[in-house]
Structures are given as structure tokens and as C-alpha cells.
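Overview (structure and organization)
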Amino acid sequence: GKDIIRKDRPATNLVFLLDVSGSMNNANKLPLLKKSMSYLLEELNEKDSVSIVVYAGASGLALPATKVDDAGRQLISETMNKLSAGGSTAGGQGIKLAYKTAKQNFKKDGVNRIILATDGDFNVGVSSNSALTQLVKEKAKEGTYLSVLGFGSGNINDQMLESITNNGNGNYSYIDSVKEGRKVLLEDMMGTMVTIAKDVKVQVVMNPNKVKAYRLIGYSNRMLPPEAFLDKKVDAGEIGAGHTVTALYEIIPADGTPFGDNIDGSRYFKKPEAKPNPALKDSPEMMFVKLAYKQPNQKMEDESTYVSKPF
């Protein structure tokens, strides 16, 4: 993903939705979250605003939208430092209040984003995956995106957190150290906040004359059926400024290697077609990679831009 010059980045309306339930009362959870947020404040300036919504047994607005000038930065830090963990988790109520706060301070040409920081233990309120997913999907269409910062171990509900970020045009980062907190909220801040392309889909087609078998390692929860590639209404992934995505394939070439001379690879795999497509017979291509994406301001019904390249 292309980089954006920091001084040219759009203004941000950030709403931090912070889990202060009892399960966050751990050195690698709330205290680590506070330290990590201090790095983000270094990157923000007076064109940005920060609100803080907390949730536990009840949810509430800990800090209304505050401009991040010198006085605002100090107020945000003081508010963060006063937070303590206790109570059960009313995640659903907190998310609703966070979206309401984001809407009240919406920046038309800026970045409007809720950053949910939690150990993933939603257990009170609107907690079903489908209800939360539907909520964040609707709000993403209105221009407010959702990102998640996961903390701690044991309670992390990866499936739910990944589901709501996939549908909320956001990203999901796991923070287990001060170093990682600095990386996510300071060094990678542009990519985390600024979406440069949405509904990004990649389709890889292998040439059967070169590849006997292959498998994609990872991404099993992001797979789409082949026909979804050309369907402009399919919700896909987002790419942030400076982000790099790596997909790893294991490939068995058509000649059977790496099986070796003594093993017949075709024992387990179909041989290439007896009469291959003449255009491919002598082609040096191993694969054909296709990419589809939309600009951040495009709507679901708008057509994607398509790019393809043989390798």
C-alpha cells in the first residue's frame, strides 16, 4: 500500500472504546494499554480529536471529544491514567455509545474511527457475534470504521474480534508488549488509521502445466468463492497506508519435484490435461494474479478497479 506523507494525512476523529472490566486488571492489559496510547498521542496534533468511552458493568463517556493540542494532550493522558479495571463486560452498550460519540464529532473529509481495546471477553449486553457484526457493518457504510486492539491471553475471542473488524472496515492488532504497542500505535499509525483501498480481493490462478498441486497457508477464514472476485457487492479487505500483505503458497511443480526421482508424484495428483490449451503449452507462466479494489470513498454498488499480472 502506498505511503502517505504524515503532514498530508487527513484529520482524525478517534473514539477510544476501552474495556475496563475486571478481566483487564492485569499488567499486560490495562497498564499496557495506557502506555501504548501514550505513543499515539505523540503522533496526533491539533487537527485531531480524541474521545474516550469506557465500558464495564455500565458504559460511559470518560472524555468528550478533545482537540489534541498541548492542553488536550495532557487532559487525555490524565483521563487515561485515572482509569481502573473492575466489573463485568457490557461491550454491546459501549460500542453503541462509541458510535454515537463518533457521529456527533464526524469529520466529513477526515478519518472517523473507533478503536476498541479489549481482552475480548464480551459477556454482558449485545454480545452475540451476529448482532455486533451487523452493527459495525451498518456503521462502516456511514463512514465510521472500527479497529480492535487485543490484549492479554486466555479470554481473547479471536473469532468475534476478527469478525467485527472484517465487517467494520478495520484491522485487528494484538499487543503483548510495550514494543508492540509502540509499533502499532506510533510506527504503523498511518496504516492503522488511513485506509487507501477497500474491498480488496486477490485471486491467484495456477497454470496446470507448471503446477501439479498447491495450497494456501493461512487466510482460511478470509477465503471467498471464485465467483466473488467479479462481484462488486462482496465486502472484502481493507488496505491501510504503507501496509504489506503476504500470502504464502506451497507448490508442487508439474514435473513432480520435490518428490524426487524415486517417487511418482502423479500417484496422488491428477496429471495435467492431455491436450492443454495451446496458448499455455509453451508458456513460461506459473501463475496469474488478479487484484480488485475500490477507492475509500466508493460505495458498495460502484465497480471495482481491476489489475492483473502473470508471473
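Structure's up top.
Criteria and cut-off values
Residues numbered from 1 in each chain as written. Predicted model: local features only at pLDDT ≥ 70, side-chain atom pairs only at ≥ 80, totals over all residues. Heavy atoms only, no water. Axes fitted to C-alpha atoms, helices over the stretch in contact; angles between N-to-C directions. Helix = DSSP H or I, 4+ residues; strand = E, 2+ residues; numbered from the N terminus. Parallel < 35°, antiparallel > 145°, perpendicular 65-115°, else oblique. Contact = heavy atoms within 4.5 Å. Nonpolar A, V, L, I, M, F, W, Y, C, P; charged D, E, K, R; others polar. Phe/Tyr/Trp six-rings, centres within 6.5 Å; stacked < 30°, edge-to-face > 60°. Buried < 20%, exposed > 50% of the residue type's maximum accessible area, 1.4 Å probe, protein only. Core = buried A, V, L, I, M, F, W, Y, C linked by side-chain atoms within 4.5 Å. Salt bridge = Lys/Arg side-chain N within 4 Å of Asp/Glu carboxyl O. Pairing = 2+ DSSP bridges. Left-handed = near helix turned anticlockwise from the far one by under 90°. Expected span 1.5 Å × (residues − 1).

If you want to describe how two helices pack, look at the angle between their axes and the distance between the axes. Remark: helix α1 (residues 30-43) packs on helix α2 (residues 70-82), axes separated minimally by 10 Å, with the N-to-C direction vectors making an angle of 170 degrees. As far as their axial angle goes, α2 and α1 are roughly antiparallel. For the pair α1 and α2, the contacting residues are Leu33, Lys34, Met37 and Leu41 in the first and Arg73, Ile76, Ser77, Met80 and Asn81 in the second. Partitioning the contact of α1 with α2 into residue classes produces five nonpolar, two polar and two charged.

Following the criterion strictly, the structure yields two aromatic pairs and no others. Judged by centre distance (6.1 Å) and plane angle (55 degrees), the rings of Tyr214 and Tyr249 are tilted. With Tyr214 in strand β8 (residues 211-217) and Tyr249 in strand β10 (residues 248-253), this pair connects stretches of sequence that are 35 residues apart. Judged by relative accessible area, which is 45%, Tyr214 ranks as partly exposed.

To continue, consider the nonpolar core. In this structure, Phe16, Leu18, Leu33 and Ile52 are the most contacted members of the largest nonpolar core, which totals 37 residues. With six residues, the top contributor of residues to this core is α1. With sequence-adjacent residues up to four places away left out, Leu18 is seen in contact with Leu33, Met37, Ile52, Val53, Val54, Tyr55, Met80, Leu83 and Ala117.

Right, let's get into the side chain of Asn13. Counting through the fold element by element, Asn13 comes out in strand β1 (residues 12-19). When near neighbours in sequence (up to four residues on either side) are disregarded, Asn13 contacts Ser49, Ala102, Asn105, Phe106, Lys107, Val111, Asn112 and Arg113.

A separate point is the pattern of salt bridges. All chains considered together, the criterion is met by five salt bridges. With a shortest N-O distance of 3.6 Å, Arg73 and Asp70 are connected by a salt bridge. Residue Arg73 and its partner Asp70 are located together in helix α2, separated by three residues, close to a single helical turn. For Arg73, a relative accessible area of 23% gives the class partly exposed. Arg215 serves as the salt-bridge partner of Glu250, at 2.6 Å between the closest nitrogen and oxygen. Here Arg215 lies in strand β8 and Glu250 lies in strand β10, a separation of 35 residues in the sequence. Residue class for Glu250 comes out partly exposed when judged on its relative accessible area of 40%.

Attention now moves to the pairing of strand β11 (residues 287-294). In terms of strand pairing, strand β7 (residues 195-206) meets β11 through seven bridges, oriented antiparallel. Pairing of Gln203 across the sheet is with Lys290, part of β11. One ladder, built from six bridges, connects β11 with strand β12 (residues 305-310); its direction is antiparallel. Counted as the bridge partner of Lys290 is Ser308 from β12.

As a further point, take the environment of Asn171. For Asn171, the location among the structural elements is in the loop between α5 (158-167) and β6 (172-175). For Asn171, a relative accessible area of 19% puts it in the buried group. The spatial distance from the C-alpha of Asn171 to the C-alpha of Gly237 is 9.2 Å, given a sequence separation of 66 residues.

Further remarks concern the packing of α1 against helix α6 (residues 178-187). One way to put it is that α1 packs onto α6 with a least axis distance of 8 Å and a crossing angle of 35 degrees. At the point where α1 passes α6, the crossing takes the right-handed sense. When α1 is examined against α6, the residues Leu32, Lys35, Ser36, Met37, Tyr39, Leu40, Glu42 and Glu43 are found in contact with a partner set consisting of Val178, Gly181, Arg182, Leu185 and Leu186.

It is worth spelling out α1 at this point. In a regular helix each residue adds 1.5 Å, so 14 residues correspond to 20 Å; α1 covers 21 Å between its end C-alpha atoms and thus fits that length. Burial analysis of α1 places 10 of its 14 residues in the buried class, which makes it a mostly covered element. What α1 keeps buried is the set Leu30, Leu32, Leu33, Lys34, Ser36, Met37, Tyr39, Leu40, Leu41 and Glu43.

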